[in-house]
Amino acid sequence: MAKKMKIRAKSIDGICNLRLIIKHPMEPGLRRDKKTGKKVPAHYIEKVEIENSNELLTTAYWSGAISKNPFLKLELKEVFPKDELKVTWFDNQGQSQSQTEKVR
Amino acid sequence: MNRRLFLQQSFQYGFVSLAITTGLLHPIRVWAKRPDLSFKSTKIKDAINFLHGNKEIVDTDQIQLKAPTIAENGATVPLAIKTSINNIDSIAIFVEKNAYPLASHLVFHKGFNGNFDVRVKMSETSDVYVVAEADGKLYQTHKSIKVTLGGCGG
């Protein structure tokens, strides 16, 4: 199904710079197909969770107004090299994906 | 394991599993629900009210919203948010003239360093509001962004 997320996490002095790109169409459900004139059904990520060893750090609630293939950069305190950050997303069509990345 | 211990433990486990299924012992994330009413609001005032109630919002320069003044393509408008306010609980981004103004609501449980970037869609030239919640108080900042090509489609 979905392609892998791209996650980069680098920690300097306990402050981790997390960057992630998720492959997702992020269809807001407002657009019409130019050929058929029908509405394109909504398909967007509703929630992204970022965890560090089962401890929830950040939850992002999104709407269809987030760009296609969403990008998020986030600075997190007290995340150190060799910690494992887990990113999970859920979309409005019931799909989800989870991936872990070791902090460098 | 003697009989008494067995009975005791089975009773305890039974209670715990009951509590989990009835929602008493759910992990904390369950309480932080997606603010659906706010996401479905078509006016920015309603969206803020559903999210935070009728609280007073203070304009502040402690939140910086970095964004282009003119965005060529409304489909990807990069926003960079930086704040020096401590104990931020959540930050919401509203694009006033989008069909549904609330674009993103980030809830920080632990370890947020006051800095994040995200890309949003904008249907037309509009003000973008950033509303942050810290220690029960609300702060906001806004910026007008000109869009030459809309990104939400027809």
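Fair warning: this is a prediction, and the values are worked out from it, not measured in the lab. Residue numbers restart at each chain and count upward from 1, following the sequence in its written direction. Each chain is given a letter, starting from A, and each ligand a number, starting from 1, according to the order in which they appear as written. The predicted nature of this model means local features are confined to residues of pLDDT at least 70 and side-chain atom pairs, given and counted, to a pLDDT of 80 or more, with totals for whole chains, interfaces and linings taken over all residues. Derived side-chain values reflect all non-hydrogen atoms in the structure, with water molecules and hydrogen atoms excluded from consideration.

> For this particular structure, what's the right way to read the pairing of strand β2 (residues 63-66) of chain B?
Each regular strand carries side chains that alternate between the two faces of the sheet. Residues and elements named next belong to chain B. Think of it in three bands: residues with accessible area under 20% of the maximum for their type are buried, residues over 50% are exposed, and the middle band is partly exposed, with areas taken using a 1.4 Å probe on protein chains only. Secondary structure follows DSSP: runs of H or I at least 4 residues long count as helices, runs of E at least 2 residues long count as strands, and numbering of each begins at the N terminus. Burial along β2 is one-sided: Ile 63 and Leu 65 are buried, while Gln 64 and Lys 66, pointing the other way, are not. Here a strand pair is declared whenever DSSP counts at least two bridges between the two strands. Looking at chain direction, β2 and strand β4 (residues 77-83) are connected through 4 bridges and run antiparallel. Following the sheet pairing, Ile 63 is matched in β4 by Thr 83.

> How should helix α3 (residues 44-52) of chain B be read in this particular structure?
All names here are of chain B. All buried positions along α3 are accounted for by Ile 44, Ala 47, Ile 48, Leu 51 and His 52. Projected down its long axis, α3 shows its buried positions confined to an angular sector of 100 degrees, all on one face. Structurally, α3 contributes buried residues whose contacts are with α2 (36-40), β1 (57-59), β5 (88-95), β6 (102-108), β8 (126-134) and β9 (137-147). Gly 53 occupies a position one or two residues after α3 and carries a positive phi of about 75 degrees. In this description, one arc is meant: the one made by directions from the helix axis to the C-beta atoms. Note on definitions: a residue-residue contact is assigned when non-hydrogen atoms from the two residues lie within 4.5 Å.

> Can you walk me through the pattern of salt bridges in this structure?
Pairs can form between side chains of opposite charge once their charged atoms are near each other. Within this document, salt bridges are pairs made up of a side-chain nitrogen of Lys or Arg and a carboxyl oxygen of Asp or Glu, the two lying within 4 Å of each other. Summed over all chains, the structure comprises 6 salt bridges over all chains. If you follow the salt bridges from partner to partner, you end up with Glu 46 of chain A together with Arg 34 and Asp 36 of chain B in one network.

> Mind showing me how you'd approach the sheet that holds strand β1 (residues 6-12) of chain A here?
What links the strands of a sheet is backbone hydrogen bonding, and the strands pair in either a parallel or an antiparallel sense. Reading across from one edge, β1(A)-β2(A)-β5(A)-β7(B)-β4(B)-β2(B) is the order of the 6 strands in this open sheet, with antiparallel pairing throughout. Whereas interior strands pair on both sides, the edge strands pair on one side only; in this sheet they are β1 of chain A together with β2 of chain B. The sheet shows a mean angle of 10 degrees between the axes of neighbouring strands, direction not considered. All axes here are fitted lines through C-alpha atoms, helices being fitted over the stretch that makes contact, and every angle between N-to-C directions spans 0 to 180 degrees.

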